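So the chains spell out like this:
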Amino acid sequence: MTQRARIDSDGPEPGGTPAGGTTAAIDAGAELDPVHPVAPPAPRFRAGGLSTAEVAERVARGEVNDVPVRSSRSTPDIVRANVFTRFNAIIGVLWVIMLFVAPIQDSLFGFVIIANTGIGIIQELRAKKTLDGLAVIGEAKPSVRRDGTTAEISTGEIVLGDVIELGPGDKVVVDGVTGEADGLEIDESLLTGEADPVLKKPGDPVMSGSFVVAGGGAFTATKVGREAYAAQLAEEASRFTLVHSELRTGISTILKYVTWMMVPTSLGLIISQLVVKDSNLKDSIARTVGGIVPMIPEGLVLLTSVAFAIGVIRLGRKQCLVQELPAIEGLARVDVVCLDKTGTLTEGGMDVTELRPLGGADTAYVQKVLGALGESDPRPNASLQAVIDAYPDSEEWRCTESLPFSSARKYSGASFSEGDGENSTWLLGAPDVLLPVGDPALDEIDALNEQGLRVLLLARSARELDDEQVTTAVRPTALVVLEQRLRPDAGDTLRYFGEQNVHTKVISGDNAVSVGAVAAKLGLPGAENTVDARDLPTDRDALAKVLDENTVFGRVTPQQKRDMVAALQSRGHTVAMTGDGVNDVLALKDADIGVSMGSGSEATRAVAQIVLLNNSFATLPSVVAEGRRVIGNITRVATLFLTKTVYSVLLAVLVVCSQVEYPFLPRHLTLLSTLTIGIPAFFLALAPNRERARPHFVRRVMRYAVPGGVIAAVATFVTYLIARAHYDGPDALKAETSAATLALFLTSMWVLAIIARPYTWWRIALVGAMGGAFLIVLVVPWLQDFFQLKLEGAVMPWTAVGVAVAASALIEYVFRKVDHRFPA
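Residues numbered from 1 in each chain as written. Predicted model: local features only at pLDDT ≥ 70, side-chain atom pairs only at ≥ 80, totals over all residues. Heavy atoms only, no water.

### Thoughts on the pattern of salt bridges
Taken as a whole and judged by the stated rule, the model has 24 salt bridges. Of the charged contacts, one joins R46 and E54 as a salt bridge, the two residues approaching to 2.9 Å between their closest N and O atoms. Salt bridges sharing common partners tie together D432, D532, R534 and R555. (Salt bridge = Lys/Arg side-chain N within 4 Å of Asp/Glu carboxyl O.)

### A look at the side chain of S415
Within the fold, S415 resides in strand β13 (residues 411-417). Residue classification places S415 among the buried residues on the basis of a relative accessible area of 5%. If we skip the residues at most four places from it in the chain, S415 touches R398, C399, T400, E401, S424, T425 and L465. (Helix = DSSP H or I, 4+ residues; strand = E, 2+ residues; numbered from the N terminus. Buried < 20%, exposed > 50% of the residue type's maximum accessible area, 1.4 Å probe, protein only. Contact = heavy atoms within 4.5 Å.)

### Some details on the packing of helix α10 (residues 326-333) against helix α21 (residues 620-658)
Orientation of α10 relative to α21, taken along the N-to-C sense of each, is 100°, at an axis distance of 7 Å. One element, α10, and the other, α21, form an angle in the roughly perpendicular class. The residues of α21 that touch α10, namely those facing I328, E329, L331, A332 and R333, are L620, V623, V624, E626, G627, R628 and I631. Each residue belonging to the contact of α10 with α21 can be placed in one class, and the counts come to 7 nonpolar, 1 polar and 4 charged. (Axes fitted to C-alpha atoms, helices over the stretch in contact; angles between N-to-C directions. Parallel < 35°, antiparallel > 145°, perpendicular 65-115°, else oblique. Nonpolar A, V, L, I, M, F, W, Y, C, P; charged D, E, K, R; others polar.)

### Let's talk about helix α3 (residues 86-101)
Because an α-helix packs 3.6 residues into every turn, residues spaced three or four apart end up facing the same way. In this model α3 runs 23 Å from its N-terminal to its C-terminal C-alpha over 16 residues, within 8% of the 22 Å that 1.5 Å per residue would give. Restricting attention to buried positions, one finds in α3 the residues F87, N88, I91, L94, W95, M98 and V101. Summarising the axial view, the buried residues of α3 lie within an arc of 155°, below the 170-degree limit, and thus occupy one face. Those residues of α3 that are exposed and aimed more than 90 degrees away from the buried face are R86, V93 and F100. (Expected span 1.5 Å × (residues − 1). Arc of directions from axis to C-beta.)

### Notes on the packing of aromatic side chains
Tallying each qualifying case throughout the model produces 12 aromatic pairs. Judged by centre distance (5.9 Å) and plane angle (85°), the rings of F682 and F683 are edge-to-face. For F682, a relative accessible area of 29% gives the class partly exposed. For F683, a relative accessible area of 44% gives the class partly exposed. Every member of this aromatic cluster is reached through a ring pair, and the members are Y365, W397, F416 and W426. (Phe/Tyr/Trp six-rings, centres within 6.5 Å; stacked < 30°, edge-to-face > 60°.)

### Structural notes on the nonpolar core
Side chains that are nonpolar tend, in soluble globular proteins, to be buried together. Counting 90 residues, the largest nonpolar core has F109, I634, V637, F697 and F774 as the members making the most contacts within it. Examining the composition of this core, we find that 13 residues originate from one element, α21, more than from any other. Listed in part, the 33 residues of the second largest apolar core include I328, V502, A519 and V595. (Core = buried A, V, L, I, M, F, W, Y, C linked by side-chain atoms within 4.5 Å.)

As C-alpha cells, this is what we get:
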C-alpha cells in the first residue's frame, strides 16, 4: 500500500489542533514499546517548526538533545586507562620500595614506566584530536524546520518539539510522532529485529535508531537526550571504541597466565632471598625486586595501544575515519570483500545517454512523463536525478499520488492529472521486474546491459498506484538508457585485493548482466559469470556454495545481502561489506567489517566501522596495509616481551631451587630490557609491514617465546653457576653478575636479530646500535660503576660468550624446527 499525505501550515493538524498552537503540551514522558510501539498523545504538529524564541525557552529548560556523542574517549578516561593498570600498580609498589632500600640506579625501571605511560597518553590524545576533527566532518546533520525555514543543525542542537524532516537514508535521531508522510517507509530492524519496513502515517510514532528506506516526511520530536529510546544506539554507533580484537583478546589471555605464574614464583623468590639466604637485607630486597620486575611485560599493552593510535592518525590523514580501533586489524584479516556496485565501483552520478520509445510512443510525450515523474519525488535517487537533469518538468501536470523508489520493490511511480483532464499512472524501474518473463523488450534490454549500461523501463499501468497488483497490467512505453561513471581507481583496487588473495564479490540491486559488464570493464576475474539473485537458494549451505563459486550477483534485495554475508561467515570467511545506500545498512551491520562512503546515507555511516570520508574506494588498500602493519609488528614485539617474561620466571625458579643469590639487580635488567626489547620494540612496532595477517595470535607468539625464553634462562643460569665456581672473594657476586649479564644480553640480542628479519638497512643499524650501546657500558668507567658491570679476567667473559653463542645457535635451530612443525 502507498500513502501520500501532506499537512500544510494553514491546514488542520492531526487531532484537530490549530496550526498556531503551542508545543508545550507534548507528552515527553510517554513510553514507546520497541517491538509494538504505541503512539503517545499526538503532539501539535506545526509545519513551520518552532520559533527562535521557543527554541531559546527549551534550551533554557534543558529540553535539548544533550546525549554526549563522542568520537573518542575523554581525556580523563585516556589518562585513567594508561595510568591505573594492574602492572603499573605492581611496579609502582616495587619502585617505592627500591627508592628506600637501593641506589637510584636500581629504581630506573620506575622512570621507564612513567615515560612509557606518558608516551601512551600523548599518542592517544593525538589520536583523539584527529578522530574528533574527522568525526565533525563526517557527522550527519538533520534538517530541522524553524521560523518557517529548513536548516541543517547538529544532532545536539535539537530541542523538544522541533520539526525534523526525513528523506531516504536519513536516520531518526530522536523519538517523535509523524506529522507529514509522503510514502514514508521506516526500517526499525536494528531496534526490533523485524525486517519489513513500516509504512508511517501522520500520528504514527518514530523511534531513534531507525532509518528511512523510502519516501519522505517530517516528525515532531517528543523525546530528546537520554529519554529517547535507543539514544545509546546512536552514541555507540559512532564512538571510538575498543571492541573485540584478536590482538587485544590474545594479549589479555597472555597477561592472565603471566599473572598466575608471577604470584607463586615471586613468593618463592622473596622467601629464598630474604629468609633462606643470610645476606645484607637491602641487597636481598634489591635482588628480589630485580627478579620480579622483568616478569611483567608492561610495555606490551602500551605498544599495542600506540600502534593502533598511530594507525588511526595515519588513516585520518587520508580522510579515513576509523570508528572502532580494531577495524584496522579486522580489515587486514578479511578474505572476502562484498562490494556494492553503485557508489563503490561507480561514481554516484549518472547520465542519460539515450531514450528509446516503445510501441510507437511519442518521444515528446514520453519526455513530459519523465519530467513529471522527476518533479513528483522531492528526494530523487541517482537514477531519477539523471532523468531530471535530462528532462526538466515543463508541464502543469498535478501529481495526485506518488510511490518513492524502494530497493525492495526496484521501481517508483506516480499518478497524475494531466493538463487535458486525463488521469494516468506511471512506473519507472527495473525492466526485468516490471515486465513478464519472455517479453520481447527484454532481449533489447539484455543487449544494452551487456554493454554495462543501466536501463530503466517507463511503463503505464492500468491500475491505481496503491493497488498491490499495479505491476501486473503495464504497457511498456520507453527505455531510459543510463551510463554509469566508473571510478578511475576501482580497477587498481580490485587488482590489489586479487594479489592479496582477498576474494571480491560484487553484490548489487541492478541487473546482473549490467553489473557483470561493469565488473568486466574493471578487470574483475569471473565477471562474465553472473547470477540473478532471484534464482538464489534460500538454504544457507546451498547459498554459501553458490557464493563461493561465483563473483557477480544482481537483483539482490537488502535482506538477501544480509543473508549472503551470513552464508559467507558460515563457511569461516571474514567478510567486509562496502556500501553507501540505505539498502546496504543491514549487511554492513552484520559483516565483520562495515565500510561506508562519506557521501552515503546517515544510516550507513552510523553502523559502519570505517567511513571513507573522501568517498574513494582506493583508500581501502591503505586500511589493509595499516592493519597488516599493526598485526605483524605487534606479533614481533610480543615475542620479545614474552621471551623476557619466560626467562625471568624460569631464572627465578632455578634460583629458588638452587638456593643461591639472584644474579641481577634491577639496574641490570633495566639495561637489558631497554636495549634488547624497549627501544627496538618501539621502532619495530611502527615499521612498515606487508605480511598477510594470520590468525591464532597467542599460539604464534608463544611457540617462539617459550623455547626462546627457556634457552636464554638456562644459558644465563649455567654461566652464573660456572662464574660462582670460578670467582671467590668479597666482590665475587659482582663479577658473577657481570658474566651472567653478558650471556643473557648476547642471547637476547640473537632473539632480537631473528625477530628483526627480513633485514633492511635500518633494522641492521638498529640491532648494531643496541649492541654498540652495551659495549659502551662495558668500557666506559663511570657507566661500569653506575650499572655495576665489570668483566673480570678473560676466562669467564669468553666462557660467557661461548655459552651465549651455543644458546643462540640452539635458538636458531629450534625456531626453524618450530616453523616447520607448527606453522602458523
